[in-house]
Amino acid sequence: MLRFTVSRLLQAIVVVFAVFTLTFFMVRLAPGDPLATEKAIHPDVKRSLQERYHLDKSLPEQYALTLKSYFAGDLGPSMKHQGMWNAKIISDSWPVSLTIGLMALIIAVAIGIPAGVIAAVRRNTWVDNSAMSMALLGICLPGFVMGPLLIALFGIKLRWFNVGGWYEATDWVLPAATMGIIYAAYIARLTRGGMLEILNQDFIRTARAKGVPELKIVTHHALRGGLIPVVAYLGPALAGITTGSFIIETIYNLPGLGSHFVNAAVNKDYTLVLATTVLFATLLVFVNFFTDILVAWLNPKVRLT
Amino acid sequence: MPLLDVQNLRVAFHTRNGVVRAVTGVSLSVEKGQTVGIVGESGSGKSVTCYSMLGLIPMPPGRIEGGTANFDGVDLLKMSRAELRAIRGRRISMIFQDPMTSLNPYMRVGDQVMEPLRIHEGLCKAEALPKAIAALAEVGIKNPEERVRQYPHEFSGGMRQRVMIAMSMITRPELLIADEPTTALDVTIQKQVLDLIKERQRALGSAVILITHDLAVVSEVCDYVNVMYAGRLVESAPVGELFRNPRHAYTRSLMRSIPALQPKGGTLYTIPGMPPDLAKLGPGCAFRVRNAENGYLCLTDRDPEIIEIAPGHRVQNCPGCLERGNA
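Now for a description of the structure that goes with this document. (Residues numbered from 1 in each chain as written. Chains lettered and ligands numbered in written order. Predicted model: local features only at pLDDT ≥ 70, side-chain atom pairs only at ≥ 80, totals over all residues. Heavy atoms only, no water.)

1. Remarks on the packing of aromatic side chains
As a reminder, the rule being used: Aromatic rings from Phe, Tyr and Trp, taking only the six-membered ring of Trp, are treated as a pair when their centres fall within 6.5 Å; an angle between ring planes under 30 degrees marks them as stacked, one over 60 as edge-to-face, and anything in between as tilted. Only DSSP runs of H or I covering at least 4 residues are called helices, and only runs of E covering at least 2 are called strands; the numbering of each starts at the N terminus. Buried, partly exposed and exposed residues are distinguished by accessible area as a fraction of the type maximum, computed with a 1.4 Å probe on protein chains only: under 20%, between the cut-offs, and over 50%, respectively. Both a distance and an angle decide whether a charge sits over a ring: NZ of Lys or CZ of Arg must be within 6 Å of the ring centre and within 35 degrees of the ring normal.
Overall, the coordinates contain 17 aromatic pairs over all chains when judged by the stated rule. When the centroid spacing of 5.2 Å and the interplanar angle of 65° are considered together, the rings of A:Phe24 and A:Tyr63 count as edge-to-face. In this pair, A:Phe24 is assigned in helix α1 (residues 2-29) and A:Tyr63 in helix α3 (residues 59-71), connecting sequence segments 39 residues apart. Assigned by exposure class, A:Phe24 and A:Tyr63 land together as buried. With centroids separated by 4.5 Å and ring planes inclined at 50°, the aromatic side chains of B:Tyr229 and B:Tyr250 adopt a geometry described as tilted. Here B:Tyr250 lies in helix α11 (residues 249-256) and B:Tyr229 lies in strand β9 (residues 224-229), a separation of 21 residues in the sequence. Side by side, B:Tyr229 and B:Tyr250 carry an identical accessibility label, which is buried. Three or more aromatic residues joined by ring pairs make a cluster, and in this case those are A:Phe20, A:Phe24, A:Phe25, A:Tyr63 and A:Tyr70. Of note, B:Arg256 hangs over the ring of B:Tyr269, and the distance from its end group to the ring centre comes to 3.9 Å.

2. Considerations on the packing of helix α7 (residues 157-169) of chain B against helix α8 (residues 187-204) of chain B
Residue and element names in this part refer to chain B. Under the convention used in this document: Helix axes use the C-alpha atoms of the stretch in contact, all axes being lines fitted to C-alpha atoms, and the angles between their N-to-C directions lie in the range 0 to 180 degrees. Between 65 and 115 degrees an angle is taken as roughly perpendicular, under 35 as roughly parallel, over 145 as roughly antiparallel, and anywhere else as oblique. Each crossing gets its hand from how the near helix is turned against the far one by less than a right angle, where anticlockwise is left-handed and clockwise is right-handed. Between two residues, a contact is recorded if the distance between any of their heavy atoms is within 4.5 Å.
Where α7 contacts α8, the two axes come as close as 10 Å, and the packing angle between them is 15°. Classified by the angle between their axes, α7 and α8 sit roughly parallel to one another. In this structure, α7 crosses over α8, and the sense of that crossing is right-handed. Here Gly158, Gln161, Arg162, Ile165 and Met169 of α7 lie close against α8, whose contacting residues are Ile189, Gln192, Val193, Leu196, Ile197, Arg200, Gln201 and Leu204.

3. Focus on empty space enclosed by the protein
The condition is simple: Only protein atoms enter the 1 Å grid used here, on which a cavity is any set of points holding a 1.4 Å probe that cannot leave and a pocket is any open set flanked by protein within 12 Å on both sides along at least five of seven lines; residues with an atom within 4 Å of a point are listed as lining. Grid points are joined across faces, edges and corners, and a volume is the space filled by probe spheres set on the points. Residue polarity is assigned by list, with Asp, Glu, Lys and Arg as charged and Ala, Val, Leu, Ile, Met, Phe, Trp, Tyr, Cys and Pro as nonpolar; anything else, Gly included, falls into the polar class.
With the rule as written, the count across this model stands at 7 cavities of 30 Å³ or more. Here the largest cavity is characterised by a volume of approximately 60 Å³. In terms of lining, the largest cavity is formed by A:Thr206, A:Ala209, A:Lys210, B:Gly89, B:Ser93, B:Met94, B:Phe96, B:Pro116, B:Met164, B:Met167 and B:Ser168. The set of elements that each furnish at least two residues to the lining of the largest cavity consists of α8 (202-209) of chain A together with β6 (92-95) and α7 of chain B. Ranked by the residues each element gives to the lining of the largest cavity, the list is headed by α7(B), at 3 residues. Looking at the lining of the largest cavity residue by residue, the classes come out as 6 nonpolar, 4 polar and 1 charged.

Here it is, written out as structure tokens:
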């Protein structure tokens, strides 16, 4: 376990460092320039801006300076948000995405896993067919369709929630539901597949031959193995879902992190692209580490090395 | 009264490719403490016969279409699911062919061994654990106190089959159904496992139904043998009688196929052809096309009936199969 932790930590450092380096050079490879504006700016102003962001220096020098500041825990200033620090942008917007993402995940698991289990147990019946049709619908309906539908029903018609914005304590509900339903559909299908595979194993027949009641066969004998694919999927999904979604944040007008991923890249905000990407990579590595531990706990054949 | 008395059992699977008549009119009985063999090729219906009595075939597509299976005077086929469940694992236990896949890889061995006690006798974990340890010790597993905490993948194939035996016998069942218990094991382990089953059977006084395609195993451990082919019983007799005086052409062909009884260096004898597709089986003797002796004499218009030709020795009455040919 200790060896596993140490080796995964070393791997994590390599991965994050690689992401950092790749991102750093790739944003600079893209055509365009963060300081380009429609209005002409005075050469002196431009020079002082370039100086402020080290854009006057050579690429290796810029890289070394950025790396040094990251080691000091400084994510640098944003190139497009005037006078804002990247760390501040992230700490302002991430909690919004984190709240919505975690709630969406809870909704997704609470709907998806029971639906998948029931579909697998009642396979090829109307219960299974209707659950899987719903799941297919959930997968096929994109967020930009589901979102407005929920807004029209619960925001405008029933007036239970605000149609958008981030002001009241209940403002997470609709965006979380939109994301949650989509993820629930994936989880339901994965759960069904995993459970079906386990329920067809010989050891389930053994359990029946021992006189184990059907419900206990599902909960005691099948669920642990059947959920392994779901857990393996949920780990990486967790990183994506808690860092916000551009579409959801646009539909619900939320000050989340997801829009920064897209806008920073569009605006050529070199430093903010780097900061958000490194944050995502770190989160992903971290979450994968815990997923592996969880899978090893679920499956006794897996050894952590 | 026999412990288990099956009469005229018929089981069919209704699939997209037609109705598969897996078991057709099978009758067999098992006395207390007796060992009864069911022999046949793969797909002859030997497993389905046993599984269907215990409600272990998937329904649908499976369906029990007729017959009775009186266990200790009560018809298993008329029981509710809950009643059957109360018998499975308590009064009738099973062990299966492949010990590598028949134990749950996600559960500790001890939890699996004590599960029948916890379900059927309502014991708590603390009460059941010493019994599980004792049961593992009885089947020859060393350090059972430590082994109960391990998972199946930490056991070898032979050891897992010992665990299966311990688990199935822990409730002292009156009947043990062993479905090819040695097929997936090394030859050296096969003998040990068979001896162990016999030893546990003697200690508990249980009856055993041994499903196998290995006639050598049958001759060694069974008191009575049923030979199945294409979902029907073709011949059944006490073991000595059957080996001395096999009357049906299929039984004789099976015996000729035993490698150890054939001359060294020669080509091994095999029964020509394949077992018939049970979804397309018409009337007549199902062994007709494979009967190398004198299949041209076999019944074609009606199914052969079972007749008793000697006390306890029953056989399908088909002229082509009963007539000893010269092939």
